[in-house]
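An overview of the molecular structure
Here's the letter readout for the chains.
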Amino acid sequence: MAQHVEDLIGDAVYDLGGARIGKVKRVYVDNSSGAPTWASVSTGMFSEDSLVPLAGAQLREDATEVQVRVRKDAVKSAPHLAHDGLITQDSENELFVHYGIDPNRAGWDDYGRHAGQPDLGETRAAGLTGAAGTATPKTTTPKPTTPMAAAPDTHAMRDRVDFLVRSEERLNIGTEEMESGRARLHKYVVTEEQTITVPTSHEEVHIEREPITDPAAVPTDWGEQEREVTLHEERVTVEKETVPVERVRMVVDRVEGEQTVTETVRKERIDIEGADRGDTRR
């Protein structure tokens, strides 16, 4: 079945175990052979596109699905391209290291081939190679690379002694909101003594004497007699009433501050042992 490079755009991509990775957004071809080497795959709405090696990939479901020879988790953690979308030689070398690919090892196309399913190598022979040379920039982007075949052969990678991968730990500092305590309003009753001075009045009796200047004008009433008056006084009365005096509520304020975090990180170092630094022997 003839297949053009641009026809891969939009195809679903599945990993070695059959898990869906995403959709093809762009195909990269080798400058010298025109063979498709990498596919830019969209793995999610809010994530950057990841590069997936096409060596050994197979077409499924009437050439609308592509199964690659790597795992989904390796694709999601693969190095991303710069914003210009071009693959430099350094970028490709990083991808080789990430996927465990030896670019000089041949024979990957025959590894794990499913019976009855054409791979991209067979499809290229039926028309993909010609399409790669004439594809529009919208669907393919040429890059400086050498013809290669991917191979997840960890034994072959261990046998290579020309490079080591140096890693180091880095701090990813963030903040999370967590409960630090609780505050509540509690109303209760207390007692206190109040002393208030209240003005009062009362009545008292005293005797006034007035001499009589004209005895004939005053009748004489001889014998024992009494006269009585009623006295009054003010007494203090106390009553209690409950009245609202204020409203009390809680308001939460956010206070900005700084905290200093100290953590120990590890890093790998690489030194030359057993030879002078100027010795170029392998």
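Residues numbered from 1 in each chain as written. Predicted model: local features only at pLDDT ≥ 70, side-chain atom pairs only at ≥ 80, totals over all residues. Heavy atoms only, no water.

1. What about the overall build of the chain?
Helices and strands together make up the secondary structure of the chain, namely four helices and seven strands. Across the chain, helices and strands are ordered from the amino to the carboxyl terminus as β-β-β-β-β-β-α-α-α-β-α. Across the 282 residues in the chain, those meeting the buried criterion constitute 26%. For the chain, long-range pairs separated by at least 24 residues make up 66% of all intrachain contacts whose partners lie at least 6 apart in sequence. Carbon and sulfur atoms make up 48% of the accessible area of the chain, which amounts to about 23200 Å² in all. (Helix = DSSP H or I, 4+ residues; strand = E, 2+ residues; numbered from the N terminus. Buried < 20%, exposed > 50% of the residue type's maximum accessible area, 1.4 Å probe, protein only. Contact = heavy atoms within 4.5 Å. Areas by Shrake-Rupley, 256 points an atom, 1.4 Å probe, with all protein chains shown as cover.)

2. Quick look at the nonpolar core
Ranked by internal contacts, the top residues of the largest apolar core, which has 28 residues, are W38, L51, V52, V68 and Y99. Mapped by element, the contributors of at least two residues to this core are β2 (20-30), β3 (36-42), β4 (50-53) and α2 (89-99). Setting aside residues up to four positions removed in sequence, L51 forms contacts with Y28, W38, A39, S40, A78, L81, I87, L95 and Y99. (Core = buried A, V, L, I, M, F, W, Y, C linked by side-chain atoms within 4.5 Å.)

3. A look at the packing of aromatic side chains
Applying the stated criterion across every chain yields a total of two aromatic pairs. Considering the side-chain rings of W38 and F96, the 6.0 Å spacing of their centres and the 35° angle between planes classify their relative orientation as tilted. You can see W38 sitting in strand β3 and its partner F96 sitting in helix α2, a full 58 residues away along the chain. For W38, a relative accessible area of 0% puts it in the buried group. Three or more aromatic residues joined by ring pairs form one cluster here, namely W38, F96 and Y99. (Phe/Tyr/Trp six-rings, centres within 6.5 Å; stacked < 30°, edge-to-face > 60°.)

4. As for the layout of surface pockets
Considered as a void within the structure, the largest pocket measures approximately 840 Å³ in volume. Lining the largest pocket we find 22 residues, and of these E176, E177, R254, V255 and Q259 sit closest to its centre. Looking at side-chain class alone, the lining of the largest pocket contains eight nonpolar, six polar and eight charged residues. By volume, the second largest pocket amounts to about 600 Å³. As for the second largest pocket, its lining consists of 16 residues, and the residues nearest its centre are E192, Q194, E239, K240 and E241. Looking at side-chain class alone, the lining of the second largest pocket contains six nonpolar, five polar and five charged residues. (1 Å grid on protein atoms, 1.4 Å probe; cavity = no way out; pocket = protein on both sides within 12 Å on 5 of 7 lines; lining within 4 Å. Points joined across faces, edges and corners; volume = space filled by probe spheres on them. Nonpolar A, V, L, I, M, F, W, Y, C, P; charged D, E, K, R; others polar.)

5. Points about the pairing of β2
As defined by bridge partners, strand β1 (residues 12-14) adjoins β2 across three bridges and the pair is classed as antiparallel. Bridging from a neighbouring strand, V13 pairs with G22 of β2. Between β1 and β2, which pair antiparallel and follow one another directly, the connecting turn spans five residues, one of which, G18, has a positive phi of 95°. In this structure, β2 lies alongside β3, joined through six bridges in antiparallel fashion. Counterpart to V29 in the pairing with β3 is P36. Between β2 and β3, which pair antiparallel and follow one another directly, the connecting turn spans five residues, one of which, G34, has a positive phi of 75°. (Pairing = 2+ DSSP bridges.)

6. What about the side chain of S50?
Within the secondary structure layout, S50 lies in strand β4. Judged by relative accessible area, S50 falls into the buried class, the value being 1%. Within the local environment of S50, its side chain forms a polar contact with the backbone oxygen of V75, the two atoms lying 3.2 Å apart. The contacts of S50, once residues within four sequence positions are left out, are A39, S40, V41, T43, V75, K76 and H80. (Polar contact = N/O pair within 3.5 Å; in protein donor to acceptor, adjacent residues only side chain to side chain.)

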